[in-house]
Amino acid sequence: MTDFQMDSLPDDGFRPLLEFDLDTTVLNDQWVYCDFMSSFVANMVSHNRADPFMFSNLLSATLNELFETVYRTRKEAGQFRFRMLRKGSVDRITMVVPCGRDEQQFYLKTVEEIRDPGASDKYLELLFSDDELDRRIGLFELAISYKAQMSAVALEDKAVCLTVDLVIEQGAD
Amino acid sequence: MAVAVSTSYEFGYDENDQVFTLAGSMRPKDVSEIDACLDALRACARQASGMFYVNVRRLLQSNNVAFNGLASVLMQVCRERPDVNVTITMSSVVGWTPRKFNALRRKIPRIDVVEYDKDFYPGQSFVEDSSFVSVLRKQTTMTWRHEKHILLRHGMGEGMKIADICCGIGDFALLLFREFNPTYVVALDHAKASLDYARKMAREFNVTGVEYVYGDAAEMLLPNGEFDFVTCRHSLQVFDRPERILSELFRICKPGGRVYVSNEKNSHCLGEPRADSIQWTYNEVAKLWKYFNMDIEIGPKSRRLLLDAGFEDIRMESFMVTNLDGDPEEFADVVRTWKDMFADSMAKERGDDDAFIRKFKKGFDDHIFAALHPKGYAGWPIWVASGRRPL
Ligand SMILES: C[S@@+](CC[C@H](N)C(=O)[O-])C[C@H]1O[C@@H](n2cnc3c(N)ncnc32)[C@H](O)[C@@H]1O
């Protein structure tokens, strides 16, 4: 069992909004959870934004891409942890995904790739690809289309922690 | 938050207009799950001639699996049918769509992508203009004096869940909130400047129970049967097809709940002295609106519109806002803003000549004269009507 304490992660003045844990076995066989979780979280944290509907629509789209990426990750038994924090107009999403070294590499490498100068073109290539959809698409989309800031950290060799900072609504307080 | 959460999608084809419509939420795990939809899209596009439209205005969500599938079919159609012009109509209200479909257009310039809400409604640019804000504010101050009593006769009560559609600058929603202590108010409009203003006012007055939402009244993303009381004031008149808005008001109203509309008949604005000039000008106002496909004469038609939309227990009454209600200057101010909007923007846009515009303005000036005259009387009649959605 991996059980990393997210509380130990620095939060830079971010205020926690919502947090949950989910057994990876549940996540492994329930695709619809991606949709449920993104719709639920988006609705929960959008009510006090200037335009709650627009905010929730965009947040749901981005969260769903993240959850789908996690779904497509070969996970180890343990707790998937999700946490959402907010500071001003920045929403921070942190996720701990229990997984082995290969999958850690997937996240670390993709987060590197999205910083490449050619990342925009790469995103479009993935988006309109004729082949089966590459699972990097979600992270590329967040970085390119939503200008999200992302980082990934390996937690020993048992999990990866992904942090995504998103600004969906400019000027929100 | 009152937002429709949909985990399923629908599609359909209107052969007449060659419009393929997708609605709901498409988040398949594998593209094969939406094969039926993609096959239908392909088949419809193949037999189309000339223009082929794909309407995603109510496609609330789509993951990349679905988007990639849709894009592939559309790219294939463009390759196979160089004679067909594909246009995607999306709504600026559904935030994710412009991001992705504009990327598709950049990839395949032959695919046209339009945000339909911009030029869809006649006169949209007039009523979404931020200068319109001041007219709305003064109007509401004057109508509220009457309506706060009238509303009670139309079923308004405490503790309700209310929607104010085409809320303008949101002042009516705030007044409702203070007067009737609702559990929740959602106020929707399509003018961003007005909504910004509305949110600012709500903050100033420390009201947190009103949610201002950007949306299109003809295709709202609010859930079915949600609200006890739905209001739509002075707005059916800005649409060329008010019945479309009414069917949306009907849809979001709870069975047993009521929809309340208020409308004008501008040609019945009146004043003394100088009645004839005033009368002439307001008759011209009605024609001017008609030229832009809007009906400022809708007031007395409200009963029929509500019945045709399926409502029952229709209640209807009219009231007259006059220069005697409060400060006559207020009345004069409203007429001044009408004069600016109708004579300076709309008549000019129609291409009217100077002589006409001069005469047209004269009637407004005379209405102001009547309002401020120590023995004068000036009026602006309004019809309110409400109906119950059957159980
Ligand atoms: C005459 S104003 C009435 C505003 C408000 N109800 C009042 O009484 O002060 C009409 C309103 O309809 C809004 N409107 C126009 N087209 C719309 C649409 N498609 N969806 C939602 N609102 C729309 C305009 O932005 C404008 O605020």
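Keep in mind the model is a prediction, meaning the values are calculated, not measured.

How each quantity is defined
- Residues numbered from 1 in each chain as written.
- Chains lettered and ligands numbered in written order.
- Predicted model: local features only at pLDDT ≥ 70, side-chain atom pairs only at ≥ 80, totals over all residues.
- Heavy atoms only, no water.
- Helix = DSSP H or I, 4+ residues; strand = E, 2+ residues; numbered from the N terminus.
- Buried < 20%, exposed > 50% of the residue type's maximum accessible area, 1.4 Å probe, protein only.
- Contact = heavy atoms within 4.5 Å.
- Areas by Shrake-Rupley, 256 points an atom, 1.4 Å probe, with all protein chains shown as cover.
- Buried area = accessible area lost by both parts, 1.4 Å probe.
- Salt bridge = Lys/Arg side-chain N within 4 Å of Asp/Glu carboxyl O.
- Polar contact = N/O pair within 3.5 Å; in protein donor to acceptor, adjacent residues only side chain to side chain.
- Nonpolar A, V, L, I, M, F, W, Y, C, P; charged D, E, K, R; others polar.
- Pairing = 2+ DSSP bridges.
- Axes fitted to C-alpha atoms, helices over the stretch in contact; angles between N-to-C directions.

Notes on the overall build of chain A
Part 1 of the argument: Helices and strands together make up the secondary structure of chain A, namely six helices and five strands.
Part 2 of the argument: Going from N to C terminus, chain A has its helices and strands arranged as β-α-α-α-β-β-α-α-α-β-β.
Part 3 of the argument: The proportion of buried residues among the 173 residues of chain A is 59%.
Part 4 of the argument: Of the contacts formed within chain A by residues at least 6 apart in sequence, a portion of 69% connects residues at least 24 apart.
Part 5 of the argument: About 7,600 Å² of surface is accessible on chain A, with carbon and sulfur atoms providing 49% of the total.

Details of the environment of Y377 of chain B
Part 1 of the argument: As for its placement among the helices and strands, Y377 of chain B is situated in strand β13 (residues 377-388).
Part 2 of the argument: A relative accessible area of 34% means that Y377 of chain B is categorised as partly exposed.

A short note on the interface of chain B and chain A
Part 1 of the argument: Of the residues lining the interface, 33 residues belong to chain B; the matching set on chain A comes to 34 residues.
Part 2 of the argument: Roughly 2,900 Å² of surface becomes buried between chain B and chain A when both sides are summed, with 56% attributable to carbon and sulfur atoms.
Part 3 of the argument: On inspection of chain B and its partner chain A, the count reaches three salt bridges.
Part 4 of the argument: The partner of D51 of chain A in a salt bridge is R199 of chain B, and the shortest N-O contact between them spans 3.8 Å.
Part 5 of the argument: Taken together, the links from chain B to chain A amount to 19 residue pairs in polar contact (both at pLDDT 80 or more).
Part 6 of the argument: Considered class by class, the residues forming the side of chain B that touches chain A number 18 nonpolar, eight polar and seven charged.

Digging into the pattern of salt bridges
Part 1 of the argument: Applying the stated criterion across every chain, the model contains 45 salt bridges over all chains.
Part 2 of the argument: With a shortest N-O distance of 3.7 Å, K109 of chain A and E113 of chain A are connected by a salt bridge. Placement of both K109 of chain A and E113 of chain A in helix α4 (residues 101-113) is noted, with a separation of four residues, approximately one turn of the helix.
Part 3 of the argument: E113 of chain A gets classed as buried once you look at its relative accessible area, which sits at 17%.
Part 4 of the argument: The partner of R315 of chain B in a salt bridge is D313 of chain B, with the nearest N and O atoms 3.0 Å apart.
Part 5 of the argument: Ionic contacts of the salt-bridge type, sharing partners, join the residues R258, E312, D313, R315 and R388 of chain B into one network.

Section: the sheet that holds strand β2 (residues 19-26) of chain B
Residue and element names in this part refer to chain B.
Part 1 of the argument: With mixed pairing, the five strands of this open sheet are ordered in space as β1-β2-β3-β4-β5. Pairing within the sheet leaves two strands with one partner each, and these edge strands are β1 (9-14) and β5 (112-115). Sheet twist, expressed as the average angle between the axes of neighbouring strands with direction ignored, equals 20°.
Part 2 of the argument: One ladder, built from four bridges, connects strand β4 (residues 85-90) with β5; its direction is parallel. The residue bridging T89 from the neighbouring strand is V114, located in β5.

These figures capture arrangement, not role.
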